[in-house]
Amino acid sequence: MHPRRVLCILVLIINTDQYFEMGSDIEMICQSSCSPGKIYWKLNNVRVDDSLSKTFNTSHTILQLKNFSQPSATLQCISYSTNQILGGTTIKTYSKPSKISCILEAIDSWYLPEEFICSWEHPMNSSLKINYTVSSQCLSCVDKNKKICNTTLTSCKFNTTSLPKIGHDTFVTVTAETAAWEAHSDIYTFHYYQILKMKPPDISVKARFTGKNHLLVKLDRKDYGKRHVIHYQVKYSKAHNGTKKQVINESINLKEETGNVTINVESCIDYTVSARWALEKAPWSNWSENKIVRSKLNKSAIKLGLWRKVDEPEINGIRKVHAMWTEIPPTCEGEFHYTLHSTPMDEMNYTAASCGPSTCDTDVNHNAHRITLTVFHNGNLLANESTYIPAIGESLPQVDKLHTSTHEGYILVSWKAPSQPVSGYMIDWTHNGSQYFWKESKYTNTTISKLMDFTPYNITVTPLLDHKTGLETQASQICSKRKAPETITFTNVVAKDKSALVSWTMEPEQCSDVVVNFTVFYRADKGPLLNATVDGTIQEVLLEDLEPDTQYVVYVTAIAITGNTSSSERYFETKKYDPSLIAALSIYGSVAIFLVLSFGLCCAFLWKKFRDKMVPNPGLSSLALWLSQSHQKILQPFSTPYESHTIIETVYPCEPDRTTTGTGAQATAFNDNLNSNLISDQAEEKTDLASFPTPVSQEERPVKMVERPSPQESIALLASESGPRSPYRSQSSAENSELNSPEQCTHLLGLKQQIKTAPVTMYVSMDMFEQGQDK
């Protein structure tokens, strides 16, 4: 029999829907017949406190979640005994619209509003489409809940005809509805006059001068009646220089029909004026249209602020004086005329010059002068001011320790007061030497503003006395603001096999900041970005540990306090081999080639010398005995073959071939014996000739001086012989026939044999070179 299959049922009850209102209480029931016993819950994989769960029987467990406010959460029930997940679901929440605000806006009518505008907040991150419905409730109306607007946005605008009567309170609700849920907002109550947005006021602005220069702004409440207090604001500013707008708050009290505001202003300046108003606790109306009004000329407020700058004296002692003053606004009506008088302090005469509206130049000599500016308006005196010009070399007070610094576009100036008492200080500054600005201060420090960015300024401080001015002190030129360095240019990249020397230049620019250091970034293709940093005073760096025969990209970044600047990228390629090694090999190779060539030339020279060396011809030699010491003394030294053609030598010629007795066989044997003995002993003769002693013969024969035959005769003798013979057989003496017998030759041969046992000194005449012979 097969075992019966048991059906396991798991039921998770969630109150018929998985959406719940944000902040509501939720009850979840887990029912299971598969794993009876105690269970526990997990919310977003975090175990829920067991105190929130209750078990009614072995298969039903209820979880209570109070004030649930998570947008979305995953809930699971798990068996204690098996840790098996018995069931789960996803809980989602929704919120109701809140913070509803509504206004009644009057557009065309002063009193009756035409539009009703409501807005609300509804933070929802839902994939479902949400529709909103705005309803107005009226307790005294037949239709107590009237839908007045439908939208998918969080604001709605509609006509006021859907509202109750004017003056009554308005009750508003907003309903959010989707395919899965519906949420209703709380009921918001709005008092009519607290949500009424008035139409912008009509204003009138007039410029007046009554001892002071001011503008009079007037507002009229018109149809709004006198039962409500109206608050209003007046906003004004200079029309053309973009100054900050100023706001004046005033109110129109009960039973007052108009509101009046007086604004103190400067002379001859265009001002823009506008206003807005609101009932008590009601929203402000929109601002009225701007009105532009020009203020009147206030003669008592005219302050010229006359000042001057004096150039260095010329060769003739004349100094150029640049006078300057605050310009009277050209918007002022009427005609203005300016005259500058220059009066020497020790004379009564003066010079006058007609000037423009703000500057004037005049000449003074080395003496002290006073210049006076006079301004006429429509022919009447308007204002006059004067200032003092010291004489050359005049001893006057002067400030000390003048210091300047910059901060966020401002220049801060401070100095030490002179020891003499002064009434104030005049500070002037310029950026181009032709346009000056100036201000007066009572203190030993001041702040200069409204400067041009990244511009150098020259600043001068002059102490003021009661009727004179002291000597000016000029500060070092200072920039209003520093900027990061701008241009970095590569000058050269010298690459080797494993290193590269990178150099660059940076052109100094006006008001550029000082470079703290340079960082060189480089990398190979598909390699990591590397860097090397040097001091800001160094403009080159050696990149080491590079890969041979590899392309690199490099750029330089200048780091300053005000910012960083980078150069453009540059590519270079390392060498395959070290260039110095190649140069060394080239040098060594050149030296080796030079040595080989030199050695070859030496060898060729020696070989040629060897080839050109004369080799003795045995056919021209004579065999003789070495003379005794007594005979050697009377002989002359050998001479070279080229010194004479006839050499007198002492020889013992032996020609065995000339026989008078004996057979031919004996002569032949004699010749062969003689040749073999001579050839075999050539090596010994080279080393032993000089050491051989003089032989002692049994029969001493008289020495006879003979004349060597000429080369032609020797050749003729050789040619006259027949058969192969030793060349020494041609040796002969034409005049010595006594030694030509076989017996004498035999005696010589016997003597040769004795040399082997007892060395005998012999020699061969070296004068046996043929004339003109190559070898």
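Residues numbered from 1 in each chain as written. Predicted model: local features only at pLDDT ≥ 70, side-chain atom pairs only at ≥ 80, totals over all residues. Heavy atoms only, no water.

Caption draft 1: Fine view of unusual backbone geometry. For Asn44, which is not a glycine, the phi torsion comes out positive at approximately 55°. Among the structural elements, Asn44 can be located in the loop between β4 (39-43) and β5 (46-47). Exposure remark for Asn44: the relative accessible area of 36% places this residue in the partly exposed category. Not every positive phi belongs to a glycine, and Phe454 is a case in point at roughly 55°. As for its placement among the helices and strands, Phe454 is situated in the loop between β37 (445-448) and β38 (456-464). (Helix = DSSP H or I, 4+ residues; strand = E, 2+ residues; numbered from the N terminus. Buried < 20%, exposed > 50% of the residue type's maximum accessible area, 1.4 Å probe, protein only.)

Caption draft 2: Expanded view of the sheet that holds β4. Pairing in this open sheet of five strands is mixed, and the strands run β2-β9-β8-β4-β5 from one edge to the other. Every interior strand has two partners, whereas the edge strands, β2 (19-21) and β5, have only one. (Pairing = 2+ DSSP bridges.)

Caption draft 3: Molecular detail of the sheet that holds strand β27 (residues 319-324). Read from one edge to the other, the open sheet built from three strands follows the order β26-β27-β30, with strand pairing classed as antiparallel. Because the sheet does not close on itself, it has two edges, and the strands there are β26 (307-310) and β30 (359-364). Averaged over all pairs of adjacent strands, the angle between strand axes in this sheet comes to 25°, irrespective of strand direction. Bridging between β27 and β30 involves six bridges; their strand directions are antiparallel. Looking at β30, one finds that His322 is bridged to Asp361. (Axes fitted to C-alpha atoms, helices over the stretch in contact; angles between N-to-C directions.)

Caption draft 4: Examining the environment of Leu153 more closely. Tracing the backbone shows Leu153 in the loop between β13 (145-151) and β14 (155-159). Since its relative accessible area comes to 54%, Leu153 is described here as exposed. In the structure, Leu153 is positioned 23 residues away from Ile130 in sequence and 8.8 Å away in space, judged by C-alpha atoms. Look past the residues within four positions of Leu153 in its chain and what remains in contact with it is Trp120 and Tyr132. (Contact = heavy atoms within 4.5 Å.)

Caption draft 5: Quick look at the pattern of salt bridges. Counting across every chain of the model gives twelve salt bridges. Where Lys157 meets Glu115, a salt bridge forms, and the shortest distance between an N and an O atom there is 3.8 Å. A residue pair is termed long-range when its members are at least 10 positions apart, and Lys157 in strand β14 and Glu115 in strand β11 (residues 115-121) qualify at 42 residues. The network of salt bridges with common partners includes Lys309, Asp428 and Glu472. (Salt bridge = Lys/Arg side-chain N within 4 Å of Asp/Glu carboxyl O.)

Caption draft 6: The arrangement of the nonpolar core in detail. Judged by nonpolar contacts, the single largest core of 46 residues is most densely connected at Phe116 and Val234. The greatest single-element share of this core, amounting to five residues, is contributed by strand β24 (residues 270-279). In terms of nonpolar packing, the next biggest core, distinct from the first, is built from 23 residues, Ile488, Ala500, Trp504 and Val556 among them. (Core = buried A, V, L, I, M, F, W, Y, C linked by side-chain atoms within 4.5 Å.)

Caption draft 7: Geometry of the confidence of the model for the chain. Mean pLDDT over the chain: 77, with 73% of residues reaching 70 or higher. Across residues 631-743, where pLDDT falls below 50, the model places 154 contacts with residues more than four positions away in sequence or in other chains. (pLDDT = per-residue confidence, 0-100.)

Caption draft 8: Region of interest: the state of the cysteines. Summed over the entire model, instances satisfying the criterion amount to six disulfides. The disulfide bridge from Cys102 ends at Cys118, spanning 2.0 Å between sulfur atoms. Because the torsion about its S-S bond is 110°, the bridge between Cys102 and Cys118 counts as right-handed. One end of the pair, Cys102, is in strand β10 (residues 98-105); the other, Cys118, is in strand β11, and 16 residues separate them in sequence. Each member of the pair, Cys102 as well as Cys118, carries the same accessibility label: buried. Between Cys355 and Cys360 runs a disulfide, and the two sulfur atoms are separated by 2.1 Å. Taking the sign of the S-S torsion, -60° for the link of Cys355 and Cys360, the bridge is left-handed. With relative accessibility at 14%, the residue Cys355 sits in the buried group. Residue classification places Cys360 among the buried residues on the basis of a relative accessible area of 8%. Cys603 supplies the cysteine sulfur nearest to Cys602, a cysteine that is in no disulfide, at a spacing of 6.8 Å. When its relative accessible area of 46% is taken as the criterion, Cys602 is described as partly exposed. (Disulfide = S-S within 2.5 Å.)

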